[in-house]
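One letter stands for each residue in the lines below.
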Amino acid sequence: MQGALAQQATVLPEVTVTSSRGAAVLPLAASPKAERERLAQVPGGTNLVEPQKEARLATLRDALDYQPGIVMQDFFGGTDQPRLGIRGSGIQSNPVNRGVLLLQDGLPLNEADGSFIIGLIEPRNAAFISALRGANARSPGAIALGGELDFVSLTGADERGRLRLEGGSFGRRGAQAAVGGVGERFDSRVSVSSDRYDGYRHHSASRRDSVQANVGFQGDGGFENRTYLGWTDLAFQIPNVVPKDRIESDPRGVMGDGKTPQDQLLNVYKRDPRRDATQLRLANRSRWGSDTLRQEVGVYWQDTDDLFNNMTSHTVTHSRTAGAQWQASGRPAGRDGALGWRTALSWADSAMQRDLYATNPANGTQMQRFGSYDLGAQNLQALAAADWRLAPDWTLLGSVQWSHLTRDAQSRSSAAQLNQDWSFATPKIGLNWAATPTTRLWANLSRSHEAPTFWEIVSATVAPNSPATAQAELVRLKMQRATTFELGGAGRWGEGPHAVHWTAAVYRSVLADELISTTDANGIKVGTYNYAGGTRHQGVELGLSGSQRMGVGALDVRASWTYSDFRFRGGEYAGKQIAGVPRQLINAEVLYRIGAWRFGPNVRWMPVSTPTDHANTAGAEQDAYALLGLKLEWRDGPWALYLQADNVTDRRYASAYAIRNQATAAQPGYLQGLGRSFTAGLSYKF
């Protein structure tokens, strides 16, 4: 009986079962290719950075070097607070803490007052960094002249895991371990990193520990969701500024190494200037719909504790920031999708408690509290934008943002209070022309606005030799405004892996009420004011990158030139250059690639001296310099190894400086740059 049944059995054809959610389709996981296509629609200067292609990735400057229009100036060379500048926005803040909207996966990292702590960023966790320079920013909360920088996280599909070890001169050591995975509907990734740096200069040690995690979910009907967790603990000593002659005579020294009255008054070892900041951040994004109508909602919350001792005073801040963002976009099918639209709403709220204490000049501890404030910042913003394909090669883009900002400050120890609010519109219009299949040209006209942060509104005055007379006040400031016109283009020569890519932009911004911050004779910030005479920022941003065959190998080249001509139009300093940014900055790297190896030189060149004060005092400039480096890389499958030498000629130079209205070379105001150093690293990707 069983044999007969077997003979009657029907043999079914083979069936292959596949998932409709392949590993390539991940929730809210943008790719560099997709981001490059999105940036190509922006009628203005942009950058797309892929940090994971860098051999060394110890600092933010490692990730952003060689980028046109992005100026990075080292403060102490570790995981501290490098000066970030884009078109001059925020260059007056010291340390740099405003002028650019920093984003993590499309959601703001800034506090609602516009401030940020740049050292909290972990570049090792970024799949790519997207920069929209100047008023070209697209986020509903981006209204400042500096534009936006978005750090887009690696996901579980980008790599299953990675181990990275780095070490080098002056006690530099770093490590990262990351693991990720992909399932039918979920993917996840966790990264843990740690950095330690003893420091090139005396009293310049730094450390950073960071945990970054995200999990994504792919639902039905095109629904996507991703949740993010970030925790960072940052601490660094501040060696502070020295007179100009010590750059040559004592490049690793600080005030306190000498026996002059200045050294006794500003002794770094006794005053112990430093910064300690810890931040916990949670965020979530959801997206659904199709190209006809796509919507996205994001929410975020962050809790930050920050202690900043700037030599004469401790500023202790605890802030909680919450925000939400909704965006919708569409491209109707009619007329071949020639008209697209986008709208967005964003809200952010920060509640801060800030206390100011005088610094004990004998041991750096906190003395009496001379200021205690409750601070509240809130932003409500709306955006409407459209793009219209006028002809096959021409696209007109326009947008308008409406903003209502509040900055409220109330003293807890007196009756002092200062409540400010601003409502305004920020329009933009631009034109893209696809001149050839490989060349795009653009023009745009835009407005930008920047409200003061609480670092400008709350002002502290502490004489180094009289901490008992420390005072604090609330400063009423106007909003900084600018109108910018820009022309530029981008394209490539050649095809495939050996194409050469280029980008160029020239801009001119006319500013009213620019926020100007200055320091006293000791290099300590004393206040901020609106410059009444008007200012002008204009510049040129050029970038080149590509690869060309040479013999049995290839030559990989990348270079950038950022020219910044920022001047006062009228008033006390009419015609003078605004201090803060190098007039010219050239970065270039040439590597010969053969097999798994790449090796070659690089240069960081500031060919023209830069004023350190707004009066442009002769002899007080930051002198021109050129730094030569060498790099050796080996990559084979999942393994990568590098050896890098920086400043191989051991050039003595000032990497940055304190900004003053009027300065002399004898005043402490200069930060010595790093001397000759070597770094080696090994990574394994699995």
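Our structure is the block above this text.
Note that the structure is predicted; figures quoted are calculated from it, not measured. (Residues numbered from 1 in each chain as written. Predicted model: local features only at pLDDT ≥ 70, side-chain atom pairs only at ≥ 80, totals over all residues. Heavy atoms only, no water.)

1. Things to note about the overall build of the protein
Next, step 1: When helices and strands are counted, the protein shows 7 helices and 35 strands.
Next, step 2: Over its C-alpha atoms the protein spans a radius of gyration of 26 Å, differing by no more than 12% from the 26 Å that the globule rule assigns to 686 residues.
Next, step 3: Dimensions of the protein along its principal axes, counting C-alpha atoms only, are 110 × 55 × 55 Å.
Next, step 4: For the protein, the proportion of its 686 residues judged to be buried stands at 57%.
Next, step 5: Taking the contacts inside the protein whose residues are at least 6 apart along the sequence as the reference set, 67% of them involve residues at least 24 apart.
Next, step 6: Roughly 27200 Å² of accessible area belongs to the protein as shown, and the carbon and sulfur atoms make up 58% of that amount. (Helix = DSSP H or I, 4+ residues; strand = E, 2+ residues; numbered from the N terminus. Rg over C-alpha atoms; globule rule 2.2 N^0.38 Å. Buried < 20%, exposed > 50% of the residue type's maximum accessible area, 1.4 Å probe, protein only. Contact = heavy atoms within 4.5 Å. Areas by Shrake-Rupley, 256 points an atom, 1.4 Å probe, with all protein chains shown as cover.)

2. Looking at the packing of aromatic side chains
Next, step 1: The tally for this structure, following the rule as stated, stands at 16 aromatic pairs.
Next, step 2: Taken together, a centroid distance of 6.2 Å and an interplanar angle of 25° make the contact between Trp493 and Trp502 stacked.
Next, step 3: According to the relative accessible area criterion, Trp493 is exposed, its value standing at 53%.
Next, step 4: Through pairs of rings, three or more aromatic residues link up here, namely Phe75, Phe76 and Phe236.
Next, step 5: Lying across the ring of Tyr197, Arg172 places its NZ or CZ 4.5 Å from the centre. (Phe/Tyr/Trp six-rings, centres within 6.5 Å; stacked < 30°, edge-to-face > 60°. Lys NZ or Arg CZ within 6 Å of the ring centre and 35° of its normal.)

3. Describing the environment of Thr439
Next, step 1: By secondary structure assignment, the location of Thr439 is in strand E20 (residues 439-450).
Next, step 2: In contact with Thr439, other than residues within four places in its own chain, are Trp433, Ala434, Ala490, Gly491 and Trp502.

4. Side note on the pairing of strand E10 (residues 186-197)
Next, step 1: Burial of the side chains of E10 is restricted to one face: Asp187, Arg189, Ser191, Ser193, Asp195 and Tyr197 are buried, whereas none of Phe186, Ser188, Val190, Val192, Ser194 and Arg196 on the reverse face is.
Next, step 2: Here strand E9 (residues 172-182) pairs with E10 via 10 bridges, running antiparallel. Following the sheet pairing, Gly181 is matched in E10 by Ser188.
Next, step 3: Connecting E9 to the antiparallel partner E10 that follows it, the hairpin turn spans 3 residues.
Next, step 4: Bridge analysis of E10 against strand E11 (residues 206-218) gives 12 bridges, and the strand direction is antiparallel. Looking at E11, one finds that Ser191 is bridged to Gln212. (Pairing = 2+ DSSP bridges.)

5. Comments concerning the nonpolar core
Generally speaking, nonpolar side chains in soluble globular proteins are found buried as a group.
Next, step 1: In terms of nonpolar packing, the biggest core is built from 21 residues, with Phe370, Tyr373, Leu375, Phe454, Val458 and Leu474 touching the most fellow members.
Next, step 2: Listing elements by their share of this core, those giving two or more residues are strand E16 (339-359), strand E17 (366-391), helix H7 (454-457), strand E21 (458-463) and strand E22 (466-474).
Next, step 3: The residues touching Phe454, leaving out its near neighbours within four places in the chain, are Asp113, Met352, Arg354, Leu375, Gly376, Ala377, Arg407, Asp408 and Ala409.
Next, step 4: Counting residues in hydrophobic clusters, the runner-up holds 20 residues, among them Leu60, Met72, Leu102 and Phe151. (Core = buried A, V, L, I, M, F, W, Y, C linked by side-chain atoms within 4.5 Å.)

6. Observations concerning the sheet that holds strand E4 (residues 101-104)
Next, step 1: Reading across from one edge, E1-E6-E7-E4-E5 is the order of the 5 strands in this open sheet, with mixed pairing throughout. Since the sheet does not close on itself, it has two edges, and those belong to strand E1 (46-49) and strand E5 (107-108), each with one partner.
Next, step 2: Those strands touched by helix H2 (residues 32-39) are E1 and strand E6 (126-133), and its axis lies near 5° from that of E6. (Axes fitted to C-alpha atoms, helices over the stretch in contact; angles between N-to-C directions.)

7. Section: the pattern of salt bridges
Next, step 1: Throughout the structure, instances matching the rule amount to 51 salt bridges.
Next, step 2: Across the salt bridge formed by Arg208 and Glu122, the nearest N and O atoms sit 3.7 Å from each other. Taken together, the positions of Arg208 in strand E11 and Glu122 in the loop between E5 and E6 put the pair 86 residues apart, joining distant regions of the chain. In this pair, the class of Arg208 matches that of Glu122, namely buried.
Next, step 3: Where Arg208 meets Asp195, a salt bridge forms, and the shortest distance between an N and an O atom there is 3.6 Å. Taken together, the positions of Arg208 in strand E11 and Asp195 in strand E10 put the pair 13 residues apart, joining distant regions of the chain. Accessibility assignment for this pair places Arg208 and Asp195 in one class, buried. (Salt bridge = Lys/Arg side-chain N within 4 Å of Asp/Glu carboxyl O.)

These results come straight from atomic positions and should not be treated as a statement about function.
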